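The lines below spell out each chain.
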Amino acid sequence: MPRPDPSLLDPARYPFHCTIDTRFGDLDVNRHVNNVAMARIFEDGRVRLFRASGYGAHLGSAQNMVASVAIEYLAEANYPAPITLHMGVSSIGRTSHTIAQLAMQDDLAVAFAQTVVVAVGKDGPVLISDDVRAAMSIWMVAA
């Protein structure tokens, strides 16, 4: 993934944010939050966004499955400062949608992630209904 569009580094564009504490165990040998820990932080944020948006309830019997995660590391993140995640839906396709996440620490963008999430049923991907699209529309990244 190339560096994100600079406009995606504006936290004001995102409809949802949460703060996640870093842990001493998140550090690498250089005493920076390591890439695996950052992936976990992004995952935690996605779950919080799903809970806040009621996404799972909107899907009915379908489930969601992560199909792709791309992370750009923009600056070093450090312990013990918390990380604030700014998140929103950046696009909605036929059976999937993409979540954009901006990780900030002390007003500095430290990482950016895009995650493609597919709606799946027992026989594979399912179409995202108009009702689900409407419910997700309030969680879209602002233009």
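Just above, that's the structure.
Residues numbered from 1 in each chain as written. Predicted model: local features only at pLDDT ≥ 70, side-chain atom pairs only at ≥ 80, totals over all residues. Heavy atoms only, no water.

Caption draft 1: Main features of empty space enclosed by the protein. Scanning the entire structure with this criterion turns up 1 cavity of 30 Å³ or more. For the largest cavity, the calculated volume is near 60 Å³. Contributing to the lining of the largest cavity are Leu-49, Phe-50, Ser-53, Tyr-55, Val-89, His-97, Ile-99, Met-136 and Trp-139. Broken down by secondary-structure element, the contributors of at least two residues to the lining of the largest cavity are helix H1 (35-53) and strand S4 (96-105). Top element by residues in the lining of the largest cavity is H1. It accounts for 3 residues. (1 Å grid on protein atoms, 1.4 Å probe; cavity = no way out; pocket = protein on both sides within 12 Å on 5 of 7 lines; lining within 4 Å. Points joined across faces, edges and corners; volume = space filled by probe spheres on them. Helix = DSSP H or I, 4+ residues; strand = E, 2+ residues; numbered from the N terminus.)

Caption draft 2: Main features of the pattern of salt bridges. Counting across every chain of the model gives 3 salt bridges. Asp-26 serves as the salt-bridge partner of Arg-23, at 3.1 Å between the closest nitrogen and oxygen. The buried category is assigned to Asp-26, whose relative accessible area is 2%. Residue Arg-40 is joined to Asp-26 by a salt bridge in which the shortest nitrogen-to-oxygen separation is 3.1 Å. Taken together, the residues Arg-40 in helix H1 and Asp-26 in the loop between strand S1 (16-20) and H1 connect sequence positions 14 residues apart. Here the salt bridges share partners, and the residues they tie into one network are Arg-23, Asp-26 and Arg-40. (Salt bridge = Lys/Arg side-chain N within 4 Å of Asp/Glu carboxyl O. Buried < 20%, exposed > 50% of the residue type's maximum accessible area, 1.4 Å probe, protein only.)

Caption draft 3: Seen up close, the side chain of Gln-101. By the element assignment, Gln-101 lies in strand S4. When its relative accessible area of 0% is taken as the criterion, Gln-101 is described as buried. For Gln-101, the side chain forms a polar contact with the main-chain oxygen of Phe-42, separated by 2.9 Å. Those residues in contact with Gln-101 that sit more than four places away from it in its chain are Phe-42, Gly-45, Arg-46, Leu-85, His-86, Met-87, Ala-111, Phe-112, Ala-113 and Thr-115. (Polar contact = N/O pair within 3.5 Å; in protein donor to acceptor, adjacent residues only side chain to side chain. Contact = heavy atoms within 4.5 Å.)

Caption draft 4: Broad picture of unusual backbone geometry. The peptide bond linking Tyr-79 to Pro-80 adopts the cis configuration, its omega dihedral lying at 10 degrees. Along the chain, Pro-80 turns up in the loop between strand S2 (63-73) and strand S3 (83-92). The phi angle at Asp-106 is positive, at roughly 50 degrees, despite the residue not being glycine. In this fold, Asp-106 is placed in the loop between S4 and strand S5 (108-121). Taking relative accessible area as the criterion, Asp-106 reaches 65% and is therefore assigned exposed.

Caption draft 5: Structural view of the packing of aromatic side chains. Applying the stated criterion to the full structure yields 3 aromatic pairs. When the ring of Phe-50 is compared with that of Tyr-55, the centres are 4.9 Å apart and the planes differ by 25 degrees; the resulting orientation is stacked. On the accessibility criterion, Phe-50 (15% relative accessible area) is buried. (Phe/Tyr/Trp six-rings, centres within 6.5 Å; stacked < 30°, edge-to-face > 60°.)

Caption draft 6: Region of the structure containing the environment of Val-118. Looking at the element boundaries, Val-118 is found in strand S5. Expressed as a C-alpha distance, the spacing of Val-118 and Asp-21, which sit 97 residues apart in the sequence, is 28 Å.

As far as function goes, none of this settles anything; it's purely spatial.
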